[in-house]
Amino acid sequence: MTLKRLLAAFVLLLAPVALVQSVKQTSWGPILAAPKARQIGDPNAKVVIVEYSDFQCPSCAQIEPTVHKFLEIYNGKIRLIYKYYPLTRIHQNSMAAAHAAECAAGQDHFWPYHDRLFQTQLSWAPLQDPTTSFVAIAEEVKLDLGKFQSCYADPSRIAPIELDAKEAVDRQVTATPSFFIDDERLVGTVFATDGARTIERAIRR
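Residues numbered from 1 in each chain as written. Predicted model: local features only at pLDDT ≥ 70, side-chain atom pairs only at ≥ 80, totals over all residues. Heavy atoms only, no water.

Participant: Outline the environment of Ala37, listing residues and values.
Facilitator: Along the chain, Ala37 falls in the loop between helix H1 (3-18) and strand E1 (39-41). Take Ala37: its relative accessible area is 15%, and that puts it in the buried class. Considering only alpha carbons, one finds Ala37 and Trp111, 74 residues apart in sequence, at a separation of 8.0 Å. Leaving out residues up to four positions away in the same chain, Ala37 has contacts with Ala105, Asp108, Phe110 and Trp111. (Helix = DSSP H or I, 4+ residues; strand = E, 2+ residues; numbered from the N terminus. Buried < 20%, exposed > 50% of the residue type's maximum accessible area, 1.4 Å probe, protein only. Contact = heavy atoms within 4.5 Å.)

This is how it looks when you write it as C-alpha cells:
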C-alpha cells in the first residue's frame, strides 16, 4: 500500500472522532457517523433525518424542493444527514457525481454543490464523461478549482461513498431516495406525502 493510501485510510479512521456526530442505533441497524459537511439544520436537533440518495436519480432530484421546505418549516427542530447511495448499475455517472460532491464537502461547500448537481442533472446525466460539467459547477459555487480537480482525480476519495453505500445495503435500502426518521422509513414520494406527519410525531416524542 502506498504512503498516500495509508494516509487516506488513517484520515478515515479519525473521521468519526474529528468530524462527525455520534453513531445512532435503530431497528434498521446502526447509522454510521457522517461528516459535518454533509449535515444541515440544528446540530442539537431532537429529530434527525437520514437520507440515502443518488445524484443521478430523477426521483431524488424531484424530492429536493420538499426537503428544502421541511428544513425551513422545522428550522431549529430537525437535522438532515445526507448519505451517498449511487445506483451504479443503472446510473452511469452516479459515482462520479458523488465523488465530485465529496470533493466539494472537503471544501465545506457540499450543500451548494449538492443543490446544483440536482438542478443540472438532465444536462450531465447522459454524458459519456461529465467531468467538464462537474468542474463548471465547482467554479460556480466558488470552490478552489485546483484542490477540486486534485481531489476528483484521487480514487481514494471514493472510500466514504462506498462506506455509505454499504450502510444503505446493510439497512435494507432498496431504492432512492430513502429517508429514515428515527425507526420510520419513507421511500420516494412517501416522504412528500407523509414526511410532515412523521416529523411532527418525532418532535412530540
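That shown, we press on.
Participant: Could you give an account of the packing of aromatic side chains, with specific residues and numbers?
Facilitator: Scanning the entire structure with this criterion turns up 16 aromatic pairs. Centroid distance Tyr84 to Phe110: 6.2 Å. Interplanar angle 80°. Geometry classified as edge-to-face. Taken as a pair, Tyr84 in strand E3 (residues 78-84) and Phe110 in helix H4 (residues 110-119) lie far apart in primary sequence, 26 residues in all. In this structure Tyr84 comes out as buried when scored by relative accessible area, which is 0%. The class for Phe110 is buried, based on a relative accessible area of 1%. When the centroid spacing of 6.0 Å and the interplanar angle of 5° are considered together, the rings of Phe148 and Tyr152 count as stacked. Here Phe148 and its partner Tyr152 are both found in helix H7 (residues 145-152), 4 residues apart, which amounts to about one turn of the helix. The two residues Phe148 and Tyr152 agree in class, both being buried. One aromatic cluster is present, built from ring pairs that chain together Phe55, Tyr82, Tyr84, Phe110, Trp111 and Phe118. Over the aromatic face of Phe180 sits the side chain of Arg171, whose NZ or CZ is 4.2 Å from the ring centroid. (Phe/Tyr/Trp six-rings, centres within 6.5 Å; stacked < 30°, edge-to-face > 60°. Lys NZ or Arg CZ within 6 Å of the ring centre and 35° of its normal.)

Participant: Break down the packing of helix H3 (residues 94-106) against H7 for me, with residues and values.
Facilitator: Where H3 meets H7, the axes come as close as 9 Å, and the angle between the chain directions of the two elements is 135°. When the interaxial angle is binned, H3 and H7 end up oblique. When the axes of H3 and H7 are compared, the crossing they make is right-handed. Together, Ala96, His99, Ala100 and Cys103 of H3 and Phe148, Cys151 and Tyr152 of H7 make up the contact between the two elements. Classifying every residue of the contact of H3 with H7 by side-chain character gives 6 nonpolar, 1 polar and no charged. (Axes fitted to C-alpha atoms, helices over the stretch in contact; angles between N-to-C directions. Parallel < 35°, antiparallel > 145°, perpendicular 65-115°, else oblique. Left-handed = near helix turned anticlockwise from the far one by under 90°. Nonpolar A, V, L, I, M, F, W, Y, C, P; charged D, E, K, R; others polar.)

Participant: Explain the pairing of E3 to me, using residue names and the numbers behind them.
Facilitator: Among the 7 residues in E3, 7 count as buried, and that is most of the element. Judged from the 3 bridges that link them, E1 and E3 form a sheet pairing that is antiparallel. When the sheet's bridge partners are listed, Gly41 is paired in E3 with Arg79. Bridge analysis of strand E2 (residues 47-53) against E3 gives 7 bridges, and the strand direction is parallel. Along E3, the bridge assignment pairs Glu51 with Tyr82. (Pairing = 2+ DSSP bridges.)

Everything listed here is a matter of coordinates, which is why it stays silent on function.
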